[in-house]
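What follows is the residue order along each chain.
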Amino acid sequence: MQELIAKCIESSDLNFSRYGDTFFEVVFTGGRTQPGTTKPDEGERHSYSIIDCEPQREAILPSVIYIQKILRRRPFLIKNLENVTRRFMQSLELFEENERKKLAIFTALAFSQKLSGLPPETVFQPLLKDNLVGKGLVLSFITDFFKEYLVDNSLDDLIAILKRGKMEDNLLDFFPSSKRSAEGFSEHFTKEGLIPLVEYNEKKIFEVKLKDMKSTLTTQIAEETEMSEVIESVKQRVKDAKLPDIEVVRILWDILMDAVQWSGKNQQQNANAALRQVKTWAQLLNTFCTNAKLELELMYKVQMQCYEDAKLMKLFPEIVRSLYDQDVLAEDTILYWFRKGTNPKGRQTFVKALEPFVKWLEEAEEEE
């Protein structure tokens, strides 16, 4: 039927340039709409509009394809489609629940079909009216949109659209204030079966908190903040971000080493700077290296950094010795790494370099 209508419209001499908005009102609602409402103006309505379809993709897709054909032949209508879409998004409360679902399905299919002339911001930004969000209409609409769009597209495709619509970092803005939290987000979209979106959001929150922790710690180290304050700050952020212990150890070491003022050529200066940093912040490392597994992880971290950074290659045994002297690394951890360590990167070189220190440890152990 849409094909017949398309052919009929194509063969007519309608003044599209003047009545472009009206044309799309008819496509969506079956007739011209009165200002400030979705009710038809005087005159007949046709029964093949989008809101008269069944709320299913099979029923709505022909309208999307039909609009695509019209836009290819008359590109100047793109602005009119934007105008009408924006107006309808701002007036969601004027539609019935079933009609809002049809609009959501249409919008999702329009993006799936890459309907020219419908920028994401035209859809997402007008939705952010306080009254629409507060009533939960926007969350309901956007949920239907996500579910329909993800039938044919990947989560990466959805995120790309949200980025273009300037909403990727503001998904909570779609939620009423009473549900506007990370927990509310997870609960809602888990219930709706959109687990990948929940996982994506949790990962994004984690990354933001991680970045905040790194930034704060970097500043505190540069400003030589009181040790107790730094430790408390890290503890709080670890708790907030639910950071795994191993990740904390890796981050601490990276930040401490990044804060060192390295010399381009002077190896002795580099050695002194690295060892001074270890000694200064040993208590911080000690606070979070609470068991043998975490100590071993720190050794692997030191090993990798010394392997990847030429200026630190020869410093491995000195750094390990310093960490031992400051009670960050236990003797058993060092011996385990020496005898059974599994990371092969530079291992042969580092084992050889650490031999004198290990020999000293073993002799001290025998004397005891």
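Residues numbered from 1 in each chain as written. Predicted model: local features only at pLDDT ≥ 70, side-chain atom pairs only at ≥ 80, totals over all residues. Heavy atoms only, no water.

The name an unreviewed UniProt entry gives the protein chain is W2 domain-containing protein, with Citrus clementina as the organism. The protein chain has a UniProt comment under Sequence similarities (unreviewed entry) that states "Belongs to the BZW family." (UniProt positions renumbered as here; feature names shortened; annotations may be inferred.)

### Regarding the packing of helix H13 (residues 245-258) against helix H14 (residues 267-280)
At their nearest, the axes of H13 and H14 sit 10 Å apart, and the two run at 130° to each other. Comparing their axes, H14 and H13 come out oblique. Of the two possible hands of crossing, H13 and H14 adopt the one that is right-handed. Side by side, H13 and H14 meet where Trp253, Leu256 and Met257 of the first sit next to Ala274, Gln277 and Val278 of the second. Across the contact of H13 with H14, the residue classes tally to 5 nonpolar, 1 polar and no charged. (Axes fitted to C-alpha atoms, helices over the stretch in contact; angles between N-to-C directions. Helix = DSSP H or I, 4+ residues; strand = E, 2+ residues; numbered from the N terminus. Parallel < 35°, antiparallel > 145°, perpendicular 65-115°, else oblique. Left-handed = near helix turned anticlockwise from the far one by under 90°. Contact = heavy atoms within 4.5 Å. Nonpolar A, V, L, I, M, F, W, Y, C, P; charged D, E, K, R; others polar.)

### Examining unusual backbone geometry
A positive phi is found at Lys166, a non-glycine position, where the angle reads about 60°. Take Lys166: it is sitting in the loop between helix H9 (155-164) and helix H10 (182-191). In this structure, Lys242 takes a positive phi of about 55° despite not being glycine.

### Section: the nonpolar core
Proteins that are soluble and globular tend to have nonpolar side chains buried together. One finds Phe124 and Phe146 to be the most contacted residues of the largest nonpolar core, which totals 58 residues. In this structure, Ile231, Val260, Tyr300 and Leu312 belong to the second largest nonpolar core, which totals 55 residues. (Core = buried A, V, L, I, M, F, W, Y, C linked by side-chain atoms within 4.5 Å. Buried < 20%, exposed > 50% of the residue type's maximum accessible area, 1.4 Å probe, protein only.)

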